[in-house]
Amino acid sequence: MMQVESREILHPNNDGQERGEGQGTPASVTRLLITCYIFDRFALVIYEFVLIIFLLSVYQDSLLLVSIYGLNAGLLVFFLGGKAGRFFDTGVANNRRLQSVLLILTGQYSCILACCAICYILLKLDDNLGDLSKVLLFLIILLSGFGMLSSEAAAVSIENDWIVVICDNKADYLGSLNVKLRRVHLVSRMVGPIAAGYCLKGFDNKLEPVFLVIGIVALVSFIVKYKCLKRICSVVPALVMQRGDDANMEEQRIVEEEQDQRHCSSCSMIGGYVIYFQQDIALGGLGESLLYLNVMSSGDIMTSYLIWRGLSLNWIGIVRGATAITGLLGTAVFELSAKKYPLRTIATASIAFQVACLSVSFCGTFFVSNGNLSLSMLVVGVIVSRIGLWANDLSIFQLTQHTVHENVRGIVGGSQHSINAFFYALHFTSGIIWADPSKFYILCLLGYSAVIAAFFLMLQGVYFSSAFQNVATVTSSREKYTNVPE
């Protein structure tokens, strides 16, 4: 029964009518989604970038505080991500999709605004605070973790559930919308650090006014996202209507009865993982999660390492921007490839490409005596590897959307984010253990090994899996439908 939606995507009704005909998926919905994502992603990226700079300024010659920050966020998502997903599943079942998301968004932006205020106070009054400054640092790290948990939870609801409902099971429109939202994310990652760098420069590298600006940006972002999501619900009635119609109510009832027996323990973390590993995409998702253990990225630890190696903040912004550009190229590669090749082929080929690129970066860590060569190999390999990373991300994500039933999208998506967070926490745990930047090569070895393991998991669990043998390309899906939005 878990394959119901996948079969509906590949085989429309025999009478030629689309499921949910009349609902429509107008271009205005796409514009609204993109608008709220632009504001949301941009606010989050500049906030996280400046927060990392602030934490580095506290302990300038160590990755310790940055690693503790990342570890805290990862552990919170790991332990509570599944529960957040189950919260959204309950919201869907009770016809409260919008209310559930808005509640989480309120918590997310409240944490961001509180952190900005505390950072401002700490920077202004640090000399007069004494031991209170340590308490404030603890609050910053804790609230940032809850902010990240809320952000991940909102992403689970919108990306794993809302988008599938909006696209009404049209595979090509679903793929196109996934690509557009990933591009918004990547452009934000490119523009955000650059904007933050120029903002710092405009305020003579003083962080106090920058945190005030970030607070204002976050508040505006919250208002825009709130209004956009409410408008989307008014345009797409299926988001606020009870699930199912007369034609499929019996099937819906059977699916729910079957899954209710397995949901008895799903409120627990272990119960969520049991449901997750029952999915066909489980090994592919686990492989994707392993990528979070890799420090050879544009993430916080590598950013801290590059700063330790002497790169200026402007150059750091350029490097992170370049990784976003190649990530955009990866979305284009996915979009073109999906018209000709099955998603399972794209997923496997893209992770193999990433392994090849990171091999260059990993070898570069052994040429530290030659500073320019070492940094060039590390940075260039990471930048180019993002093509494979994002093509792989899109293919695995769309396979998940195709095969996971509506009843468990939240718990499966939440569990996926929890597993991601577990390896993300290990990523930062290794940063705490080897906090000396001169030991960065050890972190690279762990990350490189994880990427290779991810390749073999996807090879076995996706490419050779019979569950994905019949998943059509976007082109073949397009030919089967009429009135599909461009």
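1. Comments concerning the overall build of the chain
Of the regular secondary structure elements, the chain holds 17 helices and zero strands. Per-residue burial for the chain yields a buried fraction of 57% across its 486 residues. Surface accessibility of the chain: about 20000 Å² in total, with carbon and sulfur atoms responsible for 63%.

2. With respect to the confidence of the model for the chain
Across the chain, pLDDT averages 80, with 84% of residues at or above 70. Here residues 244–267 is a poorly scored stretch, pLDDT under 50, and it has 35 contacts once near neighbours within four places are set aside; other chains count.

3. A look at the pattern of salt bridges
Pairing between side chains of opposite charge can happen when their charged atoms approach one another. A full pass over the atoms with the stated rule returns seven salt bridges. For Lys 225, the salt bridge goes to Asp 40, with nearest N and O atoms at 3.2 Å. Placement of Lys 225 in helix 7 (residues 207–235) and of Asp 40 in helix 2 (residues 27–58) is noted, with a sequence separation of 185 residues between them. Accessibility assignment for this pair places Lys 225 and Asp 40 in one class, buried. Residues joined by salt bridges that share partners form a network here, namely Asp 40, Arg 41 and Lys 225.

4. Re helix 15 (residues 409–433)
With 25 residues, helix 15 extends 36 Å between its outermost C-alpha atoms, agreeing within 8% with the 36 Å of an ideal straight helix rising 1.5 Å per residue. Of all 25 residues making up helix 15, 20 are buried, and the element is well covered by its neighbours.

The rules behind the values
Residues numbered from 1 in each chain as written. Predicted model: local features only at pLDDT ≥ 70, side-chain atom pairs only at ≥ 80, totals over all residues. Heavy atoms only, no water. Helix = DSSP H or I, 4+ residues; strand = E, 2+ residues; numbered from the N terminus. Buried < 20%, exposed > 50% of the residue type's maximum accessible area, 1.4 Å probe, protein only. Areas by Shrake-Rupley, 256 points an atom, 1.4 Å probe, with all protein chains shown as cover. pLDDT = per-residue confidence, 0-100. Contact = heavy atoms within 4.5 Å. Salt bridge = Lys/Arg side-chain N within 4 Å of Asp/Glu carboxyl O. Expected span 1.5 Å × (residues − 1).

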